[in-house]
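Coordinate analysis (summary)
Spelled out from the first residue to the last, the chains are:
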Amino acid sequence: MSSAADTSKNYLNHEKGLWSWLTTVDHKRIGIMYMITVLLFFAIGGAFAMLIRLELFAPGGTFEAQVYNQFMTFHGAIMVFMVIIPGIPAFLGNFVLPLHLGAKDVAFPKVNLMSWYCLIVGAIISFISLFYHGADTGWTFYTPYSIQTDNGTILLVLGAFVMGFSSILTGVNFVATTHRLRCKGMGFFQMPLFVWGLYSTAILQVIATPVLGITLLLLAAEKIMGIGFFDPKLGGDPVLFQHFFWFYSHPAVYIMILPAMGIISELITAFSRKVIFGYKAIAFSSVGIAAVSFFVWGHHMFVSGQSELAGVIFSFLTMLVGVPTAIKTFNWVATMYKGSIQFQSPMLYALGFLFLFTIGGVTGIMLATMAMDVHFHDTYFVVAHFHYVMVGGTLMAIMGGIYYWFPKMFGKMYSELGAQLSFVLIFVGFNVTFFPQFILGAKGMPRRYHDYPEAFSFLNSVSSIGSWTIGLGFIVALIVIIHGLLKGAKAPDNPWGAKTLEWQTTSPPPHENFYTDPVVTGGPYEYR
Amino acid sequence: MSTANVDRSGGGHAHHFESAEHEFDTSKFGTWLFLCTEVLMFGGLFVAYFIFSNLFPETFLEGSKYLDWKFGAVNTAVLLFSSFTMVLAIYYAQQNNNKKCANMLMITFVCGLIFMVIKYMEYTHKIEMGLLPGDMFAFQGAESSNLGLYFSVYYMMTGLHGSHVIVGMGLILWCWFRARKNEFNSGYFTPVECVGLFWHLVDLIWIYLFPLLYLID
Amino acid sequence: MFWVNKAHASSSIMPPQASNFAGPVDSLYDFLYWSSLISCILVIGGLVFFAFKYKRKTANDSTAYISHNATLEFLWSFIPFVIFLAVFAWGWKIFYDMKRAPKNAFEIHVVGQKWYWDFKYKSGKKTTGTFKVPYNKPIKLIMTSRDVLHSFYVPAFRIKQDVIPGRYTTLWFTATKLGTYQMFCTEYCGSGHSAMLAKVEVVPEAEFEEWLSDDPYKGLSMAEVGQKVFTQRCIACHNNTAEKKIGPGFKGLYGKERLIVAGTTLKDGKPMTVKADDNYLRESILNPNAKKAKGYENAVMTSFQGQLSDNELDGIIEYIKQLK
């Protein structure tokens, strides 16, 4: 243990030099390394999104179809595998989870570092594919198209496979940490709800990701050796790939959203200065969503040729997932009742989340309804729906989380005005970009189209203009963060008056997180 | 870093745990979680196996006839024996007997090697006959039109399993080096224990693969 | 507010209703739309209301300590659950009908291939790109693919089904409104995906019968036959100007010297020049991988072997010849 009163030493200046960062096993430093990589990948994925919207601004071509398809593939693959999946657990979760639990580190610090390297190696392999004809399959790699197309796809597939290890190792680490490293007095029901979100996510990462791993290996083997699992000529079945793929990728959707929901619980309580409404309902609904999410993958496949009975079962189970999701939303709103609500930028992002996630949620129910999905499937309605959930949900939570924990991470405050400006730009831009896509989809515009009939042009132009607004918003957000890092005022230990453990230590925290081992005597949201 | 060089001789433990026992339990818990992912990964292949063997029972019956059950049986015996020696290695580590522990680990390693040599012989024999996966299938005289699919299943399952055997052998070798340096004692034998768990899983998966692939009759 | 705009557009946001399924699906949509709108207003309205009503006034506001309320929580779990079940059952009912074609349905075979659609009638008639169906008669489509996954989607009919190689999938509908409707491919299939379109023409039954027994090329010159083939089969990848699309533009192609840099007939991989004469064009149509010209080494074209009649093949070559 470091000496009790020396507050000039913290995890940032505990050791110096790039090498000390690259070999660190401190969860806080690894969290910061994830922050840098995830934000970098986000910028790349965002640039691809801008190129997509540029092409779709008007009918006719700016780029060739082949080039557009690569943009679309890399936008999807980067945002899913390199940004949204590691975004909350590996970046914010790494930094916050042990602090939330009153622990000194995660259970397996070296494994934690290894998982960061897995992400980096996987990402490099994926990017190399860009120099070998790239990949044009979409991030879903559907067979048999993915088998027949250029071999650059193999690299992207193997890259995603390696990144899967990163996700698995983080999951193993977090489950073990949550079970074994809670400080004195912290039972499962004294844990902050962000921990519940991370815990449910980690279980999904442990159980679902290996299935993606084997699926991607089979796909690579199919491309290299023609093993025939997904090839009708040998009695294989292309639709089998979809089952395998969605068995992972549907739970993956919850890997993306569950921790985001956890962050929202933290933000709403802290900025309403109020105890969470229905702690147990929110906690159990996280676990419930995680459990049911394994049995809903077929709702991606109502028109794929799977059996009618399967469709019925999957539609029914999907409706069941809707219930805990609705419960959470109502609980968050109820938490605000009779609170003392402050509109700091993290809270704005939390409110933005609730607004957009509600729209994402109700359109999700529409898509789970079989006959409705027959019309909407693979149209822009689906594109709009999952952007409302993934961007409007997860990304809003990431941004809110960054602003919320920024003072704790770096011991500095950012410009509140700048943060609010970036929120307004992102929120407005987001709606301008994606709301028209609901209408486009309902009118029948299919997704993954490089060009479209004249009738769809007005709404597409609106959508493209919106995308530039979002881009501008994120540039402002980046400036706010960099400005805060360089010129920010010194942050107090607990700028928001929050009750969870990370705010009881210094900003930034010392190498071992706490000066004295914390002891918990009550729940995480005891605002009275 | 404090976790990198912990003195384990007198019940030492990494800084973020309360005690050596706490650390041991946590490591074991983590290993079990990792084994879950392994089961799920193989699970995907088992599902594919059951789907295809249900669709094409004749193909699978014919395919299994080209496998020599004697090789498979010897390999099963070798792996079972290696699991036994692995258990002994853990036992001796707990007894503070690093020398015997190292010997047992070496026997386990050699068993893994024997397994891989036999596997290599099987593979080369089949490759010479043209019994190759999927598109590359070149054997003349197969009755089923898609016998290549059976061999795809065969190579993917045994290949993934074989790669696990190799990884397991590497881990056992690592434990062997540490045992030779007298690093284990009754208070600290986590690596042997966890590698042991992994090795038992690899063994267990083979026990399922053997009848599924070799003994379809 | 979007809500007002969207509410206004509610009836017009969906495409025209042109099949027996359009009405039921749109009723379901209307129910979903209104119940979603009400839930959004409740949640977002509540959110905005609370946000302003309970805005922080002093730095030390005291807040109420409300940890849970069993009745309320039961209600807002149970009510959505009931609504979801109702929606599920409703969606299932329509889906059930979609899966069961009447026995007397008129069958049409559909084949998808990168990047066009073929339609085959039992009378032996074949069309590409456009097909006709009789008004007010159940139609059953029996569909398959020659290469990768495609998906058959007519927004005005509210029907969609993936088309899978090595297997048949089916779809049925009764067209309830005369007219021409756009059909899209909705399963990603490569660079021509967004050009893999077709049109469905709903015509009165008598007109349909007459069309069915009609020779599509009756009285047309060879080049006119070619032009027709071009607009149906080639236009997804080729221009009839000199401009490059996925493949080369056709204008001025005939008689040109082509530098061949790849292909199955190339000896030792050495590039060679070939004159684009009749035989070269014929080979390129029937066996596209035989000689691949510079700039198109990676372009994908599927063979038209067995898919064009001699009349059509002669026609398209003649048409290219005349594009000078």
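Keep in mind that what you see is a predicted model, and the values were worked out from it rather than measured.

Every contact between the two is made by 35 residues of chain B and, on the other side, 40 residues of chain A. For the chain B and chain A pair, buried surface summed over both sides reaches about 3300 Å², with 77% attributable to carbon and sulfur atoms. On the surface where chain B and chain A come into contact, there are 0 salt bridges. Viewed at the interface, chain A and chain B are joined by 7 residue pairs in polar contact (both at pLDDT 80 or more). Listed by contribution, the elements that provide at least two residues to the side of chain B that touches chain A are helix 1 (20-55) and helix 5 (147-180) of chain B. Among the elements that line the side of chain B that touches chain A, the one with the most residues is helix 1 of chain B, at 18 residues. Class assignment for the residues of the side of chain B that touches chain A results in 21 nonpolar, 12 polar and 2 charged.

This brings us to the pairing of strand 1 (residues 106-113) of chain C. Within strand 1 of chain C, 6 of the 8 residues are buried, leaving the element largely enclosed by the surrounding structure. Between strand 1 of chain C and strand 2 (residues 116-121) of chain C, which pair antiparallel and follow one another directly, the connecting turn spans 2 residues.

Okay, the packing of helix 13 (residues 380-410) of chain A against helix 15 (residues 457-487) of chain A next. Residue and element names in this part refer to chain A. The interhelical angle for the contact between helix 13 and helix 15, taken along N-to-C directions, is 10 degrees, at an axis separation of 11 Å. Relative to helix 15, helix 13 is oriented roughly parallel. Where helix 13 approaches helix 15, its residues Leu-395, Met-399, Ile-402, Tyr-403, Phe-406 and Phe-410 are matched on the opposing element by Phe-474, Ala-477, Val-480, Ile-481, Gly-484 and Leu-485. Of the residues that constitute the contact of helix 13 with helix 15, the class distribution is 11 nonpolar, 1 polar and no charged.

This next bit is on the side chain of Asn-69 of chain A. Inspection of the secondary structure puts Asn-69 of chain A in helix 3 (residues 65-101). Using a relative accessible area of 1% as the deciding quantity, one classes Asn-69 of chain A as buried. Polar contacts involving the side chain of Asn-69 of chain A include one to the side chain of Tyr-188 of chain C, which spans 3.1 Å. Asn-69 of chain A has contacts with Ala-135 and Asp-136 of chain A together with Tyr-188, Gly-190 and Ser-191 of chain C, leaving out every residue within four places of it along the chain.

Residues and elements named next belong to chain B. Direction vectors running N to C along helix 1 and helix 5 enclose 165 degrees, while the axes themselves pass 10 Å from each other. One way to sum up the angle between helix 1 and helix 5 is to call them roughly antiparallel. Two packed elements cross with a definite hand, and for helix 1 against helix 5 that hand is left-handed. Across the interface between the two elements, Glu-38, Met-41, Phe-42, Leu-45, Phe-46, Tyr-49 and Phe-52 from helix 1 touch Leu-149, Val-153, Met-156, Met-157, Leu-160, His-161 and His-164 from helix 5. Of the residues in the contact of helix 1 with helix 5, the class split is 11 nonpolar, 2 polar and 1 charged.

For the rest of this paragraph, the subject is the sheet that holds strand 6 (residues 150-154) of chain C. Residue and element names in this part refer to chain C. One open sheet holds the 5 strands; their spatial order is 4-10-9-6-7, and the pairing between them is mixed. Edge positions in the open sheet fall to strand 4 (130-134) and strand 7 (159-163), since each of these has one partner strand only. Taking the axes of each pair of neighbouring strands and ignoring which way they run, one obtains an average angle of 25 degrees across the sheet. Pairing between strand 6 and strand 9 (residues 179-185): 2 bridges, direction antiparallel. Counted as the bridge partner of Phe-152 is Cys-185 from strand 9. Here helix 4 (residues 205-212) sits on the sheet and contacts strand 4 and strand 10 (198-203); the angle it forms with strand 4, its principal contact strand, is near 135 degrees.

In this section: the interface of chain C and chain A. Each partner contributes to the interface: chain C provides 79 residues, whereas chain A provides 93 residues. For the pair chain C and chain A, the summed buried surface comes to about 7700 Å²; carbon and sulfur atoms form 69% of the total. Between chain C and chain A we count 2 salt bridges in total. Between Asp-237 of chain A and Arg-167 of chain C there is a salt bridge; the shortest N-O distance is 3.1 Å. At the boundary of chain C with chain A, the tally comes to 25 residue pairs in polar contact (both at pLDDT 80 or more). Looking at the side of chain C that touches chain A element by element, the count peaks at 16 residues for helix 3 (residues 70-98) of chain C. Taken together, the residues of the side of chain C that touches chain A break down into 46 nonpolar, 19 polar and 14 charged.

Conventions we followed
Residues numbered from 1 in each chain as written. Chains lettered and ligands numbered in written order. Predicted model: local features only at pLDDT ≥ 70, side-chain atom pairs only at ≥ 80, totals over all residues. Heavy atoms only, no water. Contact = heavy atoms within 4.5 Å. Buried area = accessible area lost by both parts, 1.4 Å probe. Salt bridge = Lys/Arg side-chain N within 4 Å of Asp/Glu carboxyl O. Polar contact = N/O pair within 3.5 Å; in protein donor to acceptor, adjacent residues only side chain to side chain. Helix = DSSP H or I, 4+ residues; strand = E, 2+ residues; numbered from the N terminus. Nonpolar A, V, L, I, M, F, W, Y, C, P; charged D, E, K, R; others polar. Buried < 20%, exposed > 50% of the residue type's maximum accessible area, 1.4 Å probe, protein only. Pairing = 2+ DSSP bridges. Axes fitted to C-alpha atoms, helices over the stretch in contact; angles between N-to-C directions. Parallel < 35°, antiparallel > 145°, perpendicular 65-115°, else oblique. Left-handed = near helix turned anticlockwise from the far one by under 90°.

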